[in-house]
Amino acid sequence: MEVVETQTLNFSGAPFTYGYRTLRTDRAGGNDNISNISVSENGREYEQSNSQQPGTYRISRSGDEITVDWYFDPALGERTYTFSYTVEGGVNVGTSEQGDGDQIFWTVIPDDHPSGIINRRRATVHLPEGVYPQKYTGTNDYLVEAYNNEIVDPAVNIQVSEDGRTISYSSDRPLLPGDSFDVRVQFPHGILAIPASQWQQEMQRGEALSLGVLVMALAILVGGPLLVLLLWYLRGRDPELTVVVPEYITEPPDDLPPAVVGTLIDEKVDMEDIISTLLDLGHRGYLTMVDKKNDYLFVRTDKSARDLRTYEQHFLKDVFEGKDERTLNSMRYQFADNLPGLRSEIYQELVNEGLVDRSPESVRKSYGCMAMFIFFAAIALFVSLSTLLGGTVSTIICPALALGVTGLALVLTARHMPQKTAKGTEAAAKWNAFRNYLEHIERYQDLEESSAIFDKYLAYATAFGLEQSWIHKFSKVESTPVPTWYYPYPIYMGHVGGGSTTTSSGGGSANVPRPSLEGMSGN
């Protein structure tokens, strides 16, 4: 395809001595190459040279752009320059299907034109002998069009000669900076015996690869989360319950301590579980707690800790640090350092009791690490596809995003992956029934008659997250006794020795204050 373009420029201000024209190739320009470039002025041919002398031009290539710089004597006013060049592979080869065909789509003036406002524009396409534009099916309208930034430009007048071989485009409407002027002519497929251009083949190959990559991404997007769901079904779902458990149970179903029970239910060691250990050890006579209005004093009793579980022994050790008594304020921002170890030991109790096969925390971490591996694999996949397929595939990031969604699904599922044993499932069901009893105790028995169990089950209520409602319910019952290990302010009137069980005189307190151990968590 031979192209001749004429530019009439109006120079104003300081004299100009050079100009430039940018031509695009490959997919960006819709051609394989541009060659045989020449520049002339009023019939005077310029010489190709790098000297930058008047009457010369030079050609430079960068990627898919060819830049023509031409140099002339200082110029003001109107000057006309003519560029001619050969476009290789400039025809977009279509098919013989109805409505389809071969076409020329050419950018006459690019959107980055350096000439400011262009007042008039003209373009003429001369088709070879025997080649004529197609018509819209069932009409006499030719398949020719003009565009501004790929949008049909109604300001351009299009004329087709009687033989159909010459198509003229013209407009006196100014073309603003950032606008482009493109022309299109479509003619029947096969009239010109030309193969598909290299850029078109690469584009078609890229579209096919893009579709294949998109299909792969959709397979990952659907299959990945389904595999995660299957993984949970096989490795994270608790066994089916094989016994019938009543709606509520009025007694603890076994001798598990509150912290272990709370961890069994939700498979996490919460601060409620840690606090329940303190209350449970107080109830069992290993410590007392004194409310000193602005602080709490913990006093170690003489009762031996040798019969306690490992985490309970370490809890006492961490609280008292070898001392007989210690205040809550003295533990602030220090006790938190001991929490990871305590949590690990409570998880281990679940394993020791045969309630789980692995520590729930280690299970969550394992699957969390697997999710991180998937995220890194997604990044590696994107880099690999980018390297192998380059910029020809528009959907190249989709498989990586789909794999990232799979990783995110695994992150969300990891918290549900800890799996109980059959024994653990049965124990959890029974302890949930006991929790239901504590939560709705007023439905099942008279609080006045059962006030003695307030202290007995306070630690369990705390592990279940019911401590506030538990205390509130029994605070309304005047016969509820103050726990013997707890001395509320201002009843405490002197030093409390180890193992002391002094209580207040008169009726039991109706408003038992609950101590807070938030400071022990370091928060």
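Note that the structure is a prediction, hence the values are computed from the model and not measured.

Caption draft 1: Representation of the overall build of the protein chain within the structure. Counting secondary structure elements, the protein chain contains 13 helices and 18 strands. For a compact globule of 523 residues, the expected C-alpha radius of gyration is about 24 Å, and the protein chain comes in at 42 Å, more than 25% above that figure. Once the C-alpha set of the protein chain is aligned to its principal axes, its extents read approximately 120 × 60 × 40 Å. Looking at the protein chain as a whole, 42% of its 523 residues are labelled buried. Long-range contacts, defined as pairs at least 24 residues apart, comprise 73% of the intrachain contacts of the protein chain with a sequence gap of at least 6. Carbon together with sulfur atoms contributes 52% to the accessible area of the protein chain, which is approximately 27300 Å² in total.

Caption draft 2: Quick look at the sheet that holds strand β9 (residues 121-126). Here we have 3 strands laid out as an open sheet, ordered β9-β13-β12, and antiparallel in their pairing. Each having just a single partner strand, β9 and β12 (157-160) make up the two edges of the open sheet. Taking the axes of each pair of neighbouring strands and ignoring which way they run, one obtains an average angle of 10 degrees across the sheet.

Caption draft 3: Geometry of the pattern of salt bridges. Scanning the entire structure with this criterion turns up 18 salt bridges. In this structure, arginine 121 engages aspartate 153 in a salt bridge whose closest nitrogen and oxygen atoms are separated by 3.3 Å. With arginine 121 in strand β9 and aspartate 153 in the loop between β11 (151-152) and β12, the pair connects residues that are 32 residues apart, well separated along the chain. An identical accessibility class is assigned to arginine 121 and aspartate 153; each is buried. Note that glutamate 349 is salt-bridged to arginine 309, the shortest N-O span being 2.8 Å. Of this pair, glutamate 349 sits in helix α7 (residues 339-352) while arginine 309 is found in the loop between β16 (296-300) and α5 (310-320), placing the two residues 40 residues apart along the sequence.

Caption draft 4: Spatial organisation of the pairing of strand β5 (residues 56-62). In the sheet, strand β4 (residues 47-48) pairs with β5 via 2 bridges, with the strands oriented parallel. Paired with glutamate 47 across the strands is threonine 56, a residue of β5. As paired elements, β5 and strand β6 (residues 65-88) share 7 bridges and run antiparallel to each other. Directly across from serine 62, in β6, lies its bridge partner glutamate 65. The hairpin formed by β5 and β6 contains 2 residues between the paired strands, and glycine 63 there has a positive phi angle of roughly 65 degrees.

Caption draft 5: Geometry of the sheet that holds β16. Strand order across the open sheet formed by 4 strands is β17-β16-β15-β18, with mixed pairing between neighbours. The strands lining the two open edges of the sheet, one partner per strand, are β17 (325-327) and β18 (486-487). Summarising the sheet, strand β15 (residues 287-291) and β16 pair through 5 bridges and their orientation is antiparallel. Opposite methionine 289, over in β16, you have phenylalanine 298 as the bridge partner.

Caption draft 6: Broad picture of the nonpolar core. Counting 57 residues, the largest nonpolar core has Trp431, Leu438 and Trp470 as its most contacted members. Looking at which element gives the most residues to this core, the answer is helix α12 (residues 453-463), with 7 residues. Core analysis: the second largest hydrophobic core is formed by 37 residues, Phe72, Val131, Ala146 and Val156 among them.

Caption draft 7: Summary view of helix α9 (residues 398-414). The end-to-end C-alpha distance of α9, which contains 17 residues, comes to 24 Å, matching closely the 24 Å that a straight helix rising 1.5 Å per residue would cover. Every buried residue of α9 is accounted for by Pro399, Ala400, Ala402, Leu403, Gly404, Thr406, Gly407, Ala409, Leu410, Thr413 and Ala414. If you follow the buried residues of α9, they end up packed against α2 (198-236) and α8 (360-389).

Caption draft 8: Representation of the packing of helix α3 (residues 258-266) against α7 within the structure. Where α3 contacts α7, the two axes come as close as 10 Å, and the packing angle between them is 80 degrees. Taken as axis vectors, α3 and α7 run roughly perpendicular relative to one another. Counted together, Ala259, Val260, Thr263 and Leu264 of α3 and Ile346, Tyr347, Glu349 and Leu350 of α7 form the full contact between these two elements. Its residues assigned to classes, the contact of α3 with α7 shows 6 nonpolar, 1 polar and 1 charged.

Caption draft 9: Spotlight on the packing of aromatic side chains. Scanning the model with the defined rule gives 22 aromatic pairs in all. Centre to centre, the rings of tyrosine 248 and tyrosine 444 are 3.8 Å apart; their planes meet at 20 degrees, and the pair counts as stacked. Placement of tyrosine 248 in the loop between α2 and α3 and of tyrosine 444 in helix α11 (residues 441-444) is noted, with a sequence separation of 196 residues between them. When its relative accessible area of 33% is taken as the criterion, tyrosine 248 is described as partly exposed. For tyrosine 444, a relative accessible area of 23% gives the class partly exposed. Seen in terms of ring centroids, tyrosine 437 and tyrosine 444 are 6.1 Å apart; in terms of plane orientation they differ by 25 degrees. Their pairing is stacked. According to the relative accessible area criterion, tyrosine 437 is buried, its value standing at 2%. Of note, arginine 237 hangs over the ring of tyrosine 233, and the distance from its end group to the ring centre comes to 4.0 Å.

Caption draft 10: Region of the structure containing the environment of valine 351. Checked against the element boundaries, valine 351 lands in helix α7. Sequence spacing of valine 351 and lysine 420 is 69 residues, and the spatial spacing of their C-alpha atoms is 9.6 Å.

Rules behind the numbers
- Numbers given to residues run from 1 along each chain, matching the order in which its sequence is written.
- At least 70 in pLDDT is required for a residue's local features to be given in this predicted model, at least 80 for side-chain atom pairs to be given and counted, and no such filter applies to totals for whole chains, interfaces and linings, which use all residues.
- In computing side-chain values, all of the structure's heavy atoms are included and hydrogens and water are not.
- In this description a helix means any DSSP run of H or I spanning at least four residues, a strand means any run of E spanning at least two, and both kinds are numbered starting from the N terminus.
- Radius of gyration here is computed from C-alpha atoms only, and the compact-globule reference equals 2.2 Å multiplied by the residue count raised to the power 0.38.
- Exposure is judged per residue with a 1.4 Å probe applied to protein chains only, and the accessible area is read against the type maximum: over 50% gives exposed, under 20% gives buried, and values in between give partly exposed.
- Throughout, a residue-residue contact means that at least one pair of heavy atoms, one from each residue, lies within 4.5 Å.
- Computed by Shrake-Rupley with a 1.4 Å probe, the accessible areas treat only the displayed protein chains as cover when residues are assessed.
- Strand pairing requires that DSSP identify at least two bridges connecting the strands.
- Whenever a helix is involved, its axis is fitted only over the stretch in contact; in every case the axis is a line through C-alpha atoms, and angles between N-to-C directions fall within 0 to 180 degrees.
- For this analysis, a salt bridge means a side-chain nitrogen from Lys or Arg found within 4 Å of a carboxyl oxygen belonging to Asp or Glu.
- Among buried residues, the Ala, Val, Leu, Ile, Met, Phe, Trp, Tyr and Cys ones that are joined through side-chain atoms within 4.5 Å form a nonpolar core.
- Multiplying 1.5 Å by the residue count of a helix minus one yields the expected span of that helix.
- To sort the angles, those under 35 degrees are grouped as roughly parallel, those over 145 as roughly antiparallel, those from 65 to 115 as roughly perpendicular, and the leftovers as oblique.
- In the scheme used here, Gly and all other residues not listed as nonpolar or charged are polar, with Ala, Val, Leu, Ile, Met, Phe, Trp, Tyr, Cys and Pro taken as nonpolar and Asp, Glu, Lys and Arg as charged.
- In this scheme Phe, Tyr and Trp rings, the latter by its six-membered ring, pair at centre separations within 6.5 Å, and the angle between planes marks the pair as stacked below 30 degrees, edge-to-face above 60, and tilted otherwise.
- Geometrically, a lysine NZ or arginine CZ counts as sitting over a ring once it is within 6 Å of the ring centre and also within 35 degrees of the ring normal.

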